[in-house]
Amino acid sequence: MGSRERKDALYEQLARVGKGLASGKRLELLDLLAQGSRTVDALAAAADMTVKNTSAHLQVLRHSGLVAARKDGTRVWYRLADDEVARFVIALRDLAQHRLAEVERAAADYLGQPPATEPVSRAELRRRLDAGDVVVVDVRPAEEYAAGHIPGAVSIPADELETRLDEVPEDVEVVAYCRGPYCVLSPQAVATLHRHGRSASQLEDGFPEWRLADLPVATAGQAAPGTPR
């Protein structure tokens with residue numbers, strides 16, 4: 001094999017990662033897996049795909065080295081291969097946002113009118129948590145909260161917030177968070193809280209960014225620093 005063939009072979013291997021990311025649905029699956037491991041059925045339901053299509057996408061992601069799997073009886077659980085994958089996907093998202101105006105327009109179409117209040121940074125939220133003058137609400141599905149959440153956060157999925165408002169104190173600032181900056185759940189939660197006269201803001205990004213910043217994380221009701229693995 002000549003030098004050109006060897007070089008081509010090298011770049012073909014590098015391109016495997018790019019091929020794994022070359023699908024909006026696969027990027028969505030990676031976003032979901034950044035919240036915690038899931039079965040194929042759960043991923044299919046969350047991504048509004050058939051189990052067959054979801055499984056096919058997951059096989060591409062496995063072949064690209066982006067996800068890993070383990071078998072538990074008759075079920076297969078998938079997870080991100082490691083935190084470097086999560087960081088890479090976030091970097092890809094940020095690069096696309098800065099390079100493609102269409103990303104911002106698509107995000108605005110999907111997320112709708114942004115809340116009137118400014119988003120809260122991770123550093124500011126941690127300061128408020130330490131001061132004890134904020135209520136943090138995790139509005140992701142309950143299984144994502146169980147896999148890992150900000151210590152002290154209350155789990156109230158967005159679609160339950162309207163009927164569970166009595167669990168949110170009226171005289172304290174509320175900060176809602178979900179999967180990340182392109183997650184519609186926290187803006188919807190903040191809008192709901194505002195309609196009911198509550199003071200509320202959303203976290204500037206989401207739980208994966210919080211965890212990857214080496215901020216404290218809790219799992220199964222127990223606070224623990226670092227990664228919920």
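In what follows, the structure referred to is the one given above.
Looking now at the pattern of salt bridges. This structure, assessed with the given rule, holds 18 salt bridges. Between Glu-204 and Arg-122 there is a salt bridge, and its shortest N-O distance comes to 3.9 Å. Linking Glu-204 in strand E7 (residues 200–206) with Arg-122 in helix H7 (residues 122–131), this pair joins segments that are 82 residues apart in sequence. For Glu-162, the salt bridge goes to Arg-195, with nearest N and O atoms at 3.2 Å. Of this pair, Glu-162 sits in the loop between strand E5 (154–155) and strand E6 (173–178) while Arg-195 sits in helix H9 (residues 185–195), and the two are 33 residues apart along the sequence. Linked through salt bridges whose partners overlap, the residues forming this network are Arg-38, Glu-144 and Arg-179.

This part takes up the sheet that holds strand E1 (residues 38–39). Reading across from one edge, E1-E3-E2 is the order of the 3 strands in this open sheet, with antiparallel pairing throughout. The sheet is open, and its two edges are formed by E1 and strand E2 (67–72), each paired on a single side. By the bridge criterion, 2 bridges tie E1 to strand E3 (residues 75–80) in an arrangement that is antiparallel. Among the inter-strand pairings, Thr-39 is bridged to a residue of E3, identified as Trp-77. Most of the contacts of helix H4 (residues 51–63) go to E2, to which it runs at about 120°, and overall it touches E2 and E3.

Attention now goes to the pairing of E3. Note that E2 and E3 share 6 bridges and pair antiparallel. In the sheet register, Arg-70 faces E3, and the bridge partner there is Trp-77. The loop that links E2 with its antiparallel partner E3 comprises 2 residues; one of these, Gly-73, has a positive phi angle of about 70°.

Here we take up the packing of helix H2 (residues 24–33) against helix H3 (residues 40–47). Between H2 and H3, whose axes approach to 10 Å, the crossing angle comes to 115°. In this structure, H2 crosses over H3, and the sense of that crossing is right-handed. Contact with H2, carried on its side by Lys-25, Glu-28, Leu-29, Leu-32 and Leu-33, involves Leu-43, Ala-46 and Ala-47 of H3 and no other residues of that element. Within the contact of H2 with H3, the residues separate by chemical class into 6 nonpolar, no polar and 2 charged.

We now examine H9. By the burial criterion, the buried members of H9 are Leu-185, Ser-186, Pro-187, Ala-189, Val-190, Thr-192 and Leu-193. Buried residues along H9 sit against E6 and E7. Residue Gly-197 follows H9 closely and has a positive phi angle near 75°.

Positionally, Ser-186 belongs in helix H9. With sequence-adjacent residues up to four places away left out, Ser-186 is seen in contact with Val-139, Ala-176, Tyr-177, Cys-178 and Gln-202.

Reading guide: rules and limits
- Sequence order as written defines residue numbering, which begins from 1 separately in each chain.
- The predicted origin of the model limits local features to residues at a pLDDT of at least 70 and limits the giving and counting of side-chain atom pairs to 80 or more, whereas totals for whole chains, interfaces and linings rest on all residues.
- Remark: hydrogens and water are excluded; side-chain values derive from all non-hydrogen atoms of the structure.
- A side-chain nitrogen of Lys or Arg and a carboxyl oxygen of Asp or Glu constitute a salt bridge if their distance falls within 4 Å.
- Labels follow the DSSP assignment, with helices taken as runs of H or I lasting at least four residues and strands as runs of E lasting at least two, numbered in each case from the N terminus.
- Criterion used throughout: strands pair if DSSP finds at least two bridges between them.
- Pairs of residues are marked as contacts when any of their non-hydrogen atoms sit within 4.5 Å.
- For helices, the fitted line uses only the C-alpha atoms of the stretch in contact; every axis is such a line through C-alpha atoms, and the angle between N-to-C directions lies from 0 to 180 degrees.
- For any pair of crossing helices, the crossing counts as left-handed if the nearer helix is rotated counterclockwise from the farther one by less than a right angle, and right-handed if it is rotated clockwise.
- Lys, Arg, Asp and Glu make up the charged group, whereas Ala, Val, Leu, Ile, Met, Phe, Trp, Tyr, Cys and Pro make up the nonpolar group; the residues left over, Gly among them, are polar.
- Each residue is placed in one exposure class: buried if its accessible area under a 1.4 Å probe, protein chains only, is under 20% of its type's maximum, exposed if it is over 50%, and partly exposed if it falls in between.

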